[in-house]
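# Architecture and fold: a report
As a plain string of letters, each chain reads:
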Amino acid sequence: MVLILCVLCSPLAWTYFYCWLLPAWAIIVKACQKDNRYLFPATLSGILLVSALSEQFDHRLQAYGVTAAGALGMYLTIALIRFRSFDSEPES
């Protein structure tokens, strides 16, 4: 979650096409393998981040903020994974 916030807040990181988010993607993919509840938010944020690659051809999607929305979607997906994992732990 800290990596996602660093990428959102650092102007230099915008030019790396979110390569620093690969560890966050690894967490999301692992959670999707265990439980399909996370598949929809992960797919939605993935589509937003992949559409940011269209910046090479057309800058309109980038102007609408798809990279920020995709990173925010990843952040919220990881927050959902984290809080649902606390709910599934057995109480003693």
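Here, every reference points to the structure presented above.
Everything numeric here is computed off the predicted structure, so don't read it as measured data.

## Things to note about the overall build of the chain
A count of helices and strands for the chain gives five helices and zero strands. Each helix and strand of the chain, ordered N terminal to C terminal, gives the series α-α-α-α-α. Counting the 92 residues in the chain, one finds 27% classified as buried. For the chain, the share of sequence-separated contacts (at least 6 apart) that also reach a separation of at least 24 residues comes to 57%.

## Comments concerning the side chain of Thr 77
Looking at the secondary structure, you find Thr 77 in helix α5 (residues 66–88). For Thr 77, the contacting residues outside a window of four places in its chain are Ile 28, Pro 41, Ala 42 and Ser 45.

## Section: the pattern of salt bridges
Counted by the stated rule, this structure contains one salt bridge. Two residues, Asp 35 and Arg 37, come together in a salt bridge whose shortest N-O distance is 2.6 Å. The partly exposed category is assigned to Asp 35, whose relative accessible area is 23%.

Conventions adopted
Once a new chain begins, its residue numbering starts again from 1 and follows that chain's sequence as written. Given that the model is predicted, a residue must reach a pLDDT of at least 70 before its local features are reported, and side-chain atom pairs must reach 80 or more before they are shown or counted; all residues, however, enter totals for whole chains, interfaces and linings. Each side-chain value is worked out from all heavy atoms of the structure, with water and hydrogens disregarded. The secondary structure listing takes helices from DSSP runs of H or I that are at least 4 residues long and strands from runs of E that are at least 2 residues long, numbered from the N terminus. Only protein chains enter the calculation, and the probe is 1.4 Å; a residue is then buried if its accessible area is under 20% of its type maximum, exposed if over 50%, and partly exposed in between. Two residues form a contact once any of their heavy atoms are found within 4.5 Å. For this analysis, a salt bridge means a side-chain nitrogen from Lys or Arg found within 4 Å of a carboxyl oxygen belonging to Asp or Glu.

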